[in-house]
Amino acid sequence: MNIAAYPTHELTSTTQVAHLPVIPSHWEVRRVKYASNLKSEKIASKGCDLPYIGMENVQSWSGNLLEGGSEVEGLATTFEAGDILFGKLRPYLAKVVKPGFSGICSSEFLVFQSTKDTFGDFLAYALRSSDFISLINGSTYGAKMPRANPDFIANAEIPFPPLPEQRAIAAFLDNKSAKIDQAVRIKEAQIKLLRERRQILIQQAVTRGLNPDAPMKDSGIDWIGEIPLHWHVKRLRHATQISPSRRVDGNMGRNDHVVFLPMEAVGTNGGVRETFICSSKEVSEGFTYFQRGDVIMAKITPCFENGKGAFLEGLLSEYGFGTTELHVLRPKEITGKFLYYFISRSDFRKRGEVFMVGSAGQKRVSTGYLKDQPISVPPINEQKAIVSFLDNAGGKIDKAISIKQEQISKLKEYKTTLINAAVTGKIKVS
């Protein structure tokens, strides 16, 4: 995967365009509006039978459509099969797609129809190239919801080879992209299997223990199943203190520095990123309170479903605060790390999804639900042995996952670089 291995054009020429200093000598620079027609026909989306594409239906940088419904409201822009949709909201996401069907799309998309001198597939690649996205992103306005001006996009300049070469470049990128995407899918499937393996290890360890010859008994809970004969089953309300008061810590009046955890700082593998440190006086009211040794878990969907949670064993301070979308469980008759492993199980999460309350878009797992949930409780020495086993086995799996994720990142980076090099003439394709 080395771009330098590809041949380059022998003859080049300089341009007056700042972001395109050099292009192949037989190429030309055109504005987007001269290579395509900007379509702007709007219709009411309500009651429309045509397929709808929202911003969330387009995968960043890939040019792929994602499955799943999208909330449709207000006016939508019509498009035909072969048109190119360019997301002007947060253009750094590079949401550019060329659907093979007609339909309607969010008004956050600009719809381009290629002209007779422009090959649509080449134009789609050019609009999704990193150089072009960087140019458009540098022009946005609005801090929270940055958008690009349609006129700026239409007047932006792109290098174009002759039509036969456009077709050759598009075919080359189709072939290379398909191979890269397939390699990514294989590695994603491997990551899924590794995560499933991790869940199986956790499930077996926290419900059946580490001794395969231990005599068993029925736990009385269908989704826990059999447990070792000498283990117990307790409700979380008896094994933990749920959502403890923030007033219990004697240090609360001091002006020391504490951790503040927003949801994005909570990982899905038991870790947290302590990116926010502030004065205790700044956050002592209106936030979830926790201290070192507590277990936290997301209560809001989809964060709960994705497994966001952690055992807080290495905080920078003795206590801290977090978003109110976190549940806090303080262990009483159980070790914190064993508790974390138990509630991180996928079957525990899936069961919680059934009991979520609230509106369709903002459902949450209630405190009442957590209080009544059973947990298998082995003796403390076994809990510690199980935690040690899962830390070791899980660490190896997490390392393998991390390697796969790094490989995926490099494949995607290579694909982006290859597309940009091909459509800007940095490498010779035909």
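Before reading further, recall that the structure is shown in the block above.
Computed from a predicted structure; not experimentally measured.

Caption draft 1: Structural context of helix 8 (residues 336–343). With eight of eight residues buried, helix 8 is to be regarded as a mostly interior element. Buried residues of helix 8: G336, K337, F338, L339, Y340, Y341, F342 and I343, and no others.

Caption draft 2: Spatial organisation of the packing of aromatic side chains. Summed over the entire model, instances satisfying the criterion amount to twelve aromatic pairs. Here the aromatic rings of W223 and F348 are separated by 6.1 Å at their centres, their planes lie at 55 degrees, and the arrangement is tilted. One end of the pair, W223, is in the loop between strand 13 (216–218) and strand 14 (226–228); the other, F348, is in helix 9 (residues 346–354), and 125 residues separate them in sequence. Summarising the burial analysis for this pair, W223 and F348 share the class buried. Ring pairing ties together the aromatic residues W223, F342, F348 and Y369, which thus form one cluster. Positioned above the aromatic ring of F160, the side-chain terminus of R30 is 4.4 Å from the ring centre. The residue whose ring lies beneath R349 is F304, and the NZ or CZ to ring-centre distance is 4.9 Å.

Caption draft 3: Layout of the side chain of S62. Residue placement: S62 occurs in the loop between strand 6 (52–53) and strand 7 (75–79). Relative accessible area serves as the criterion here: at 11%, S62 is assigned to the buried category. There is a polar contact of 2.7 Å between the side chain of S62 and the side chain of Q59. A distance of 3.0 Å separates a polar side-chain atom of S62 from the backbone nitrogen of N64. Apart from the residues lying within four places of it in its own chain, the contact partners of S62 are R128 and K415.

Conventions we followed
Residues numbered from 1 in each chain as written. Predicted model: local features only at pLDDT ≥ 70, side-chain atom pairs only at ≥ 80, totals over all residues. Heavy atoms only, no water. Buried < 20%, exposed > 50% of the residue type's maximum accessible area, 1.4 Å probe, protein only. Helix = DSSP H or I, 4+ residues; strand = E, 2+ residues; numbered from the N terminus. Phe/Tyr/Trp six-rings, centres within 6.5 Å; stacked < 30°, edge-to-face > 60°. Lys NZ or Arg CZ within 6 Å of the ring centre and 35° of its normal. Polar contact = N/O pair within 3.5 Å; in protein donor to acceptor, adjacent residues only side chain to side chain. Contact = heavy atoms within 4.5 Å.

So, to be careful, I would describe these as geometric facts and stop short of saying anything about function.
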